[in-house]
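Secondary and tertiary structure notes
Chain by chain, the residues:
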Amino acid sequence: MQDAITSVINSVDVQGKYLDSSAMDKLKGYYQTGALRVRAASVISANAATIVKDAVAKSLLYTDVTRPGGNMYTCRRYAACIRDLDYYLRYATYAMLAGDPSILDERVLNGLKETYNSLGVPITSTVQAIQAMKEVTASLVGADAGKEMGVYFDYISSGLS
Ligand SMILES: CCC1=C(C)/C(=C/C2=NC(=C\c3[nH]c(/C=C4\NC(=O)[C@H](C)[C@H]4CC)c(C)c3CCC(=O)O)/C(CCC(=O)O)=C2C)NC1=O
């Protein structure tokens, strides 16, 4: 796992240089949004179950996936879906705090698409639910923090697509 600081430092270290102005700007941006990120993470962690529930209501409930024959039908599969969405929310929050998506590649997306395809989990519906979490989260944490979180929800969505 990397964060904004290690990724900037690693990139100048391989060139044996001090930070140039674009590297400095990246770090400055990260430090300036530090308080915003921490505040957003605490709001998200206090409301995680509600975020997932509202996102499911907005995107999946009463669609074909929750009807007999759908991939969320039966409590076991419904619960697996809710759990997956909670993983996405938690790891997107970690990535937002780190300011770097590498944790998503390593711990969430690695092999996920293949797993979903082999279990018949519909990727389009999953991406719709992730996008619904993005909207619900933004309405809760505000536009600026919502935008930061949006980067990582989008990263998971495109990693699955
Ligand atoms: C932290 C990293 C991590 C991730 C991401 C993860 C995902 C993950 N989701 C799974 C299943 C599943 N995932 C879903 C999800 C859904 N079905 C739908 O129709 C919805 C659209 C969608 C929710 C948005 C379902 C229903 C299953 C169970 C499928 C089955 O067993 O038939 C499985 C198979 C094993 C299991 O059932 O637990 C994995 C590995 N596991 C991990 O450890």
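The sections below set out a description of the structure shown in this document. Just so we're clear, the structure is a prediction, and the values are computed from it rather than from any experiment. (Residues numbered from 1 in each chain as written. Predicted model: local features only at pLDDT ≥ 70, side-chain atom pairs only at ≥ 80, totals over all residues. Heavy atoms only, no water.)

**Details of helix H5 (residues 75-98)**
Definition in use: Elements are defined by DSSP. Helices are runs of H or I of four residues or more, strands are runs of E of two residues or more, and each kind is numbered from the N terminus. Helices are assigned an expected span. That span is 1.5 Å times one less than the residue count. Accessibility here uses a 1.4 Å probe with only protein chains present; expressed as a share of the type maximum, an area under 20% marks a residue as buried, one over 50% as exposed, and anything in between as partly exposed.
The end-to-end C-alpha separation of H5 is 34 Å, in line with the 34 Å expected for 24 residues at 1.5 Å each. Taken residue by residue, H5 has Cys81, Asp84, Leu85, Tyr88, Leu89, Tyr91, Ala92, Thr93, Ala95, Met96 and Ala98 as its buried positions.

**Section: the nonpolar core**
To keep it simple, the criterion reads: Residues enter a nonpolar core if they are buried and are Ala, Val, Leu, Ile, Met, Phe, Trp, Tyr or Cys, with the set joined through side-chain atoms within 4.5 Å. Here, residues are in contact when the closest pair of their heavy atoms is within 4.5 Å.
Ranked by internal contacts, the top residues of the largest apolar core, which has 40 residues, are Leu85, Tyr88, Leu89, Leu104, Met133 and Leu160. Where this core is concerned, the elements lending two or more residues are helix H3 (34-46), helix H4 (48-59), H5, helix H6 (102-109), helix H7 (112-119), helix H8 (123-141) and helix H9 (143-160). Ignoring any residue separated from it by four or fewer positions in sequence, one finds Leu85 in contact with Val52, Val56, Ala129, Ile130 and Met133.

**So, H8**
For H8, which comprises 19 residues, the first-to-last C-alpha distance of 27 Å matches the rise-based estimate of 27 Å (1.5 Å per residue) to within 8%. Considering only its buried residues, H8 is in contact with H3, H4, H5, H7 and H9.

**Considerations on the packing of H3 against H5**
Which entries qualify depends on this criterion: Angular values range over 0 to 180 degrees, each being the angle between N-to-C directions of two axes fitted as lines to C-alpha atoms, with helices fitted over their stretch in contact. Angular relationships are summarised with four words: roughly parallel below 35 degrees, roughly antiparallel beyond 145, roughly perpendicular across 65 to 115, and oblique for the angles in between. Each crossing gets its handedness from the near helix: less than a right angle anticlockwise from the far helix is left-handed, clockwise is right-handed. In this classification, the charged set is Asp, Glu, Lys and Arg, the nonpolar set is Ala, Val, Leu, Ile, Met, Phe, Trp, Tyr, Cys and Pro, and all remaining amino acids, among them Gly, are polar.
One way to put it is that H3 packs onto H5 with a least axis distance of 9 Å and a crossing angle of 165 degrees. Our classification of the angle between H3 and H5 gives roughly antiparallel. In this structure, the crossing between H3 and H5 has a hand that is left-handed. In this structure, H3 uses Arg37, Val38, Ala40, Ala41 and Ile44 to contact H5, whose residues at the interface are Leu89, Thr93, Met96 and Leu97. The residue makeup of the contact of H3 with H5, split by class, is 7 nonpolar, 1 polar and 1 charged.

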